[in-house]
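# Results of the structural survey
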Amino acid sequence: MIDVKQPPYSAVGDGVTDDTQAIQNAINAAQAGEVIMLSSGKYLCGPLVGRSDRPLLLTGTVGAQIIAKPNTRTLLTIRCSASNVFQLEFVGAALTSVQPFLASSCIRVNDGLSGVVIEECKVSQFSGAAIIANASMSLRVMNCDMSTGQLCVQAAHARNIVLGGNTFHDLGQSGFALHGDGIIIRNNVCYRAGPVGGFGAVQAGSKNILITGNHSTDGGGGFELQNENALSATEPSGSSCVVAGNSFTRTFAAGIDLFRSGVVLTGNVFNDCNFAAGLPTAFTVQPGIVPDLAGPGSGYQAGDILTLGGGVFTRPARFVLNAPSPNGGLCDPARPATNGNTYVIDMGDYSVFPTNPANVTGGHGTGGKVIYTNANIKARGSGYKSGDVLRGSTGTSRFPVLVRVNIIDANGAVLEAEILFGGYYTGTLPTEMAFAAYDTVSSGSGFTLLPCFGNRYAMQYSKPSMASGGSILGIGNRNVIVSGNSIVNHSPSHDCGILFVNFLNAPVSRWAITGNVFGTFSKGAIKRYNFGTLSYDTAWGAGMVISGNVGYP
């Protein structure tokens, strides 16, 4: 075993000294099977590159961090099969970088490698994808904690991928985008993924997929299962896709967007999914900064670091633009689903929030506006306990803001509170938010927040064509089994449990929907939606079996 702090490498690990060369020397010197160990410390590094002739075996002890130097694009490149990265924390350079700062990634696995394992690692403050592993075989990403500006795991043309036991949270886009043959996604947790993403997408042409034991909550959506052609019923030869035993809670879009045929959905729980359907505007205070579809501006470039204007602050909010539109806009209004290509550097410290949409300054362009959402403590109250979960008691909502008390003083005044869920608000928005206990016993009182509302997650529903949805959304599918699922909600104002979106003016056919439990939905438990007439019907085609369900018809 090589200890990078020992001679001849002599890494310091103080977070100030540049340890790039020391650790790279250890990587270069390691013999086959020799483990490179980083003991507790903060190792400031630029790009690190593994050898191509032998596996990289890199491990840390508790408290070991590799911190990216400013403007580092890729922190660690793996160049050999059978490499293993274990128990390390990687901190990106987003907070320290200067303009321009292009999208940064934590780990890149070179194309065509096999048997790479990344386990028990933590990744944060990278504006791009955490792990990129295209054309890989037998990739394992296990028990990691990731928070990034785009995706956590990106793998295309891969085989035998396993994502297991990971936590994906506070994401600019989604947990993953995977494409390949033999994909297992099991026992992962995803929360606060958005604004237009969700847990992740299994992309067109993928085969032999198992998605089981996962939990998605408080984000843009759950899983998106794509096809070669969203309107085609054909699938790759030998394809199978099973989605079993997952739970989806409080997602703004559907729990499952189903663009492919030949799928089995069984034993899943959908609870308060598809919040945003049916309303033109949905407001939330979940912290974030996203481009305003009505004010993209022009002339911006990838890597621009932009600052919000307006408000009263001791420190303004800043963010990185990862991918502008073709004409240099902060976003492309014609493609709202791409409107997640920003990474928040700092949400700022405001006593008066900017007015949405907020102007931005800096970078190469002009005219850009963003939607800013956040909340500051106005009154700290007293009598609270650390861990209290509170719900907003002000304003009109389908579901209120939820916060957790993290730090209190000796009198129980709230010093730090975390927004767990930004709520779903309509009508007149409160300028001050009061709170009551939620599913806990709390003796505290007097805690209030100043909320800044925006349509962070639900902007894509501002268009009439997207003003409808279901917990399960089917588009151009057949040969699908939906059995033994619970599809419920706390309010009957949600549209549908299962909604078939009709692009082809054709009846829905060859679905078996049996033994499910449905809640009460405003448009019905199972419906077809027609874009031409903006109407709902039950025009089922040949081979439809709908039987033994509770709550339908």
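These numbers were taken from a predicted model, which means no experiment stands behind them. (Residues numbered from 1 in each chain as written. Predicted model: local features only at pLDDT ≥ 70, side-chain atom pairs only at ≥ 80, totals over all residues. Heavy atoms only, no water.)

### Let's talk about the overall build of the chain
From N to C terminus, the chain includes one helix and 53 strands. For 553 residues, the compact-globule formula gives about 24 Å, and the C-alpha radius of gyration of the chain, at 24 Å, lands near that figure. Overall, the chain is about 75 × 60 × 50 Å in size when its C-alpha atoms are taken along their principal axes. In the chain, which comprises 553 residues, the proportion classed as buried is 54%. Sequence separation of 24 or more characterises 67% of the internal contacts of the chain that already satisfy a separation of 6 or more. Within the chain, the 32 negative side-chain charges are centred at a point lying 5 Å from the centre of the 33 positive side-chain charges. (Helix = DSSP H or I, 4+ residues; strand = E, 2+ residues; numbered from the N terminus. Rg over C-alpha atoms; globule rule 2.2 N^0.38 Å. Buried < 20%, exposed > 50% of the residue type's maximum accessible area, 1.4 Å probe, protein only. Contact = heavy atoms within 4.5 Å. Lys, Arg positive; Asp, Glu negative; His and termini not counted. Charge placed at Lys NZ, Arg CZ, Asp CG, Glu CD.)

### Some points on the packing of aromatic side chains
Within a pair of aromatic rings, the relevant descriptors are the distance that separates the centres and the angle that separates the planes. Evaluated as defined, the whole model comprises 18 aromatic pairs. With a centroid separation of 6.1 Å and an interplanar angle of 35 degrees, the aromatic rings of F176 and F223 are classed as tilted. With F176 in strand β19 (residues 176-186) and F223 in strand β24 (residues 223-225), the pair connects residues that are 47 residues apart, well separated along the chain. Given a relative accessible area of 1%, F176 falls into the buried group. (Phe/Tyr/Trp six-rings, centres within 6.5 Å; stacked < 30°, edge-to-face > 60°.)

### Considering the side chain of S174
Tracing the sequence through the fold places S174 in the loop between β18 (167-171) and β19. Within the structure, S174 has its side chain in polar contact with the backbone nitrogen of G198 (distance 3.3 Å). (Polar contact = N/O pair within 3.5 Å; in protein donor to acceptor, adjacent residues only side chain to side chain.)

### A look at unusual backbone geometry
Note the cis peptide between Q99 and P100, where omega equals -10 degrees. Tracing the chain through its elements places P100 in the loop between β10 (89-91) and β11 (105-109). Geometrically, the link from N356 to P357 is a cis peptide bond, its omega value of -5 degrees lying close to zero. Position of P357 among the secondary structure elements: in the loop between β35 (349-352) and β36 (358-361). Not every positive phi belongs to a glycine, and S10 is a case in point at roughly 60 degrees. Within the secondary structure layout, S10 lies in the loop between β1 (2-3) and β2 (14-18).

### Points about the environment of Y343
Structurally, the position occupied by Y343 is in strand β34 (residues 342-346). Here the alpha-carbon distance between Y343 and Q173, two residues 170 residues apart in the chain, equals 9.6 Å. Ignoring anything within four residues of it in the chain, the contact list for Y343 reads A94, Q125, F126, S127, T148, G149, F319, V320 and N322. Within the structure, Y343 has its side chain in polar contact with the backbone nitrogen of Q125 (distance 3.4 Å).

### What to know about the confidence of the model for the chain
In this model, the chain carries a mean pLDDT of 89, and residues with pLDDT of at least 70 account for 91%. Of the regions scoring below 50 in pLDDT, residues 459-467 engages in 26 contacts with residues more than four places distant in sequence or in other chains. (pLDDT = per-residue confidence, 0-100.)

### Some remarks on the side chain of D292
Relative to the helices and strands, D292 is located in the loop between β30 (288-291) and β31 (305-308). The charged side chain of D292 is buried without a salt bridge, its nearest counter-charge being K369 at 6.7 Å. Residue contacts for D292: discarding those within four places in its chain leaves C331, P357, K369, V370 and I371. (Salt bridge = Lys/Arg side-chain N within 4 Å of Asp/Glu carboxyl O.)

### Overview of the nonpolar core
Counting 91 residues, the largest nonpolar core has L38, F90, M146, F176, I498 and W511 as its most contacted members. Residue contributions to this core peak at five residues, all from strand β17 (residues 153-164). Formed by 16 residues, the second largest nonpolar core is a distinct cluster that contains I289, L308, A358 and C452. (Core = buried A, V, L, I, M, F, W, Y, C linked by side-chain atoms within 4.5 Å.)

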